[in-house]
Amino acid sequence: MATAIDGANRPMTAEERKVIFASSLGTVFEWYDFYLYGSLAAVIAKQFFSGLDPTSAYIFALLAFAAGFLVRPFGALVFGRLGDMIGRKYTFLITILIMGSATFIVGCLPNYASIGVAAPIILIVLRMLQGLALGGEYGGAATYVAEHSPHGRRGLYTSWIQTTATLGLFLSLIVILLTREFTGAEFDTWGWRIPFLVSIFLLAVSVWIRLSMNESPAFAKMKSEGKVSKAPLTESFGEWKNLKIVILALLGLTAGQAVVWYTGQFYALFFMTSIAKVDAKTANLLIAASLVIGTPFFIFFGWLSDKIGRKLIIMAGCLIAALSYFTLFPALLNYANPALAAAHAKSKVTVASDASSCSFQGSPIAREIDFKSSCDIAKRALAQSFIPYTNITAASGAAAVVKVGDKEITAPVAKLNAAGDGFDKESAVAIATFKKELAEAAKASGLLTKAEDKSMNMPMVLGILTILVIFVTMVYGPIAAMLVELFPTRIRYTSMSLPYHIGNGWFGGLLPTTAFAMVAATGDIFYGLWYPVIVALGTFVIGMLFVRETKDVDIYAKD
Amino acid sequence: MWKYIVAFVAFAGLALWLLTKAGGDIDMGGERHEVPAATHADEKAPKK
């Protein structure tokens, strides 16, 4: 393994650059798709889901949810196993072929108006296939790059993979911009297909480059010595000595990394638009700008982790983030929307309710119609507008009463219609009336004041958002190298992929819903931050106590 | 190292320029995996 040892002091070779580039293409695809589906969500919904009845729409929403939360970890197992048995290179080819083809087919797919319910079904199947392939992509990229990296530079080399998020974002942005420019008014009818169709070029380049790559030296050596694992799943998760490390990787590394990432990018956007009431365009621009500014720090912390250790940086990222969120987010509100922050301090809102009729609204698959009690309707309406309130205990069985200033508004109890897929007409009207009265009272108290560009302290807002992204780069920059170094070559792909996807999919993915439920339950608009704070602190404690430093690990030692 | 710095500055400049040109075409929230909450389309408040 002469290429992989003692290379810390030489510059990156052309072959190594090619390895990093080829490996990162899959994650570019991932992010390209991610932002494409986000930016074109309204068009896609109109094209594929607009004709569905509420029950079918709910089933499809559940399947889309499953694609993100269940299929990716399953894909981690399927392709991780394959990668440990037949090799990184061929597994890599399969995952990118599935991902790229699925994206391209979406661009050709007839819409609901043409083929009816088959259109959303095929779309969901394609998303599931993409989810499956994605489950194997990140672990493969990290493993492949790390196994090509010289000892002492794995942190630097693998950190390049994380920068693909920014690249994928701008690729999607450029394609959408150009398509809108050329298709004009036709964009919503057929122009939206072009960004999906052009992905075929990215796929062709990716497959061509990946075909020309060699198998990773670590896997090739293991294969030549006949030491390839015959049952990577059993070895990874059936033997306690390895399962223990998988669990530690999840709880002591990826769980904290995921919540810091989600808080820094997605919760920050949600906070800006929903809580600080900054218009979506400005908020998206500021978040994107902070991501651009923060991107070099992925490389910096990857490089630094080769010098001072990965564990130190990841743990410091979790700790500093957890300790500073309750300072940074209130400051963000003050700088983004000072008038609203002043209204929060001045206007007091209370909810008097029978606590036994209030539920914890934390299910990610719950629908609006699942909340029928007076208390739930009251708190949900306040939480959806992010109006802070104080809870007061009312008599048992009493309807919830919201008090805004001097105005008291009683929340209704709702009933479902005969089909059970919506509120009955009377309840729907009562809820709408309640929400309207609440909105009028809140507006009069300044609690719905939208942020204005002229009163916003833009540099400070951008500064805080950039700090949040830098926390992300601290936990994310060194994570790939660290995960790779925790496991032996024969089960590396399988063992590192699962904790990564469970950590990010479950701990990170549940952040928006859990944070919302915590805000709804307490009336404190910052209360949702306890979720990332507790998870990040948990990771800090577990990581500090039980996860070993890996930067000096010889990844070939146990082969 | 200086090559990387120059490349990044150029990339960041281009990226930020593109962002300002993009207007409302960008959604940094990306793809949603949540179930849409509202299912009562017939809901309408009476006018006062």
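Residues numbered from 1 in each chain as written. Chains lettered and ligands numbered in written order. Predicted model: local features only at pLDDT ≥ 70, side-chain atom pairs only at ≥ 80, totals over all residues.

Description of the overall build of chain A
Check the secondary structure of chain A and you find 24 helices and four strands. Relative to the 2.2 N^0.38 estimate, which gives 24 Å for 559 residues, the radius of gyration of chain A is 25 Å and therefore close to what a compact globule would have. Across its three principal directions, the C-alpha atoms of chain A cover 80 × 55 × 50 Å. A buried classification covers 53% of the 559 residues belonging to chain A. Within chain A, residue pairs in contact and separated by at least 24 positions form 84% of the contacts whose partners lie at least 6 positions apart. (Helix = DSSP H or I, 4+ residues; strand = E, 2+ residues; numbered from the N terminus. Rg over C-alpha atoms; globule rule 2.2 N^0.38 Å. Buried ≥ 20, exposed ≤ 12 C-beta atoms within 10 Å, placed from the backbone. Contact = placed C-beta atoms within 7 Å.)

A short note on the overall build of chain B
Check the secondary structure of chain B and you find one helix and zero strands. For chain B, the proportion of its 48 residues judged to be buried stands at 21%.

Topic: the confidence of the model for chain B
All names here are of chain B. On average, residues of chain B score 66 in pLDDT, and 54% of them are at 70 or above. Between residues 35-48, whose pLDDT stays under 50, and residues either more than four places distant or in other chains, the model counts 35 contacts. Overall fold confidence for the complex sits at a pTM of 0.88, while the interface term, ipTM, reaches 0.73. (pLDDT = per-residue confidence, 0-100.)

Quick notes on the domain arrangement of chain A
All names here are of chain A. By the assigned domains, chain A splits into domain 1 (1-225), domain 2 (229-337 + 450-559) and domain 3 (351-444). Computed from C-alpha coordinates alone, the two centres of domain 1 and domain 3 are separated by 41 Å. Of the residues lining the interface, five residues belong to domain 1; the matching set on domain 3 comes to five residues. A breakdown of the residues in the side of domain 1 that touches domain 3 according to their chemical character gives four nonpolar, one polar and no charged. (Domains from an automatic or database assignment. Nonpolar A, V, L, I, M, F, W, Y, C, P; charged D, E, K, R; others polar.)

Structural notes on the pairing of strand S1 (residues 349-353) of chain A
Residue and element names in this part refer to chain A. Of all five residues that make up S1, four are buried, and the element is covered over most of its length. Pairing geometry for S1 and strand S3 (residues 401-404), over four bridges, is antiparallel. Bridged to Ala352 within S3 is Val401. As judged from the four bridges shared by S1 and strand S2 (residues 390-393), these two strands associate in the parallel manner. Its bridge partner being in S2, Thr350 is matched across the sheet by Thr390. (Pairing = 2+ DSSP bridges.)

A closer look at the nonpolar core
Residues and elements named next belong to chain A. Ala142, Ala276, Ala288, Val475 and Leu483 are the most contacted members of the largest nonpolar core, which has 182 residues in total. A per-element tally of this core places helix H13 (residues 240-275) first, with 19 residues. Excluding anything up to four places from it in sequence, Val475 contacts Gly256, Gln257, Val260, Trp261, Ile314, Gly317 and Cys318. (Core = buried A, V, L, I, M, F, W, Y, C linked by C-beta atoms within 7 Å.)

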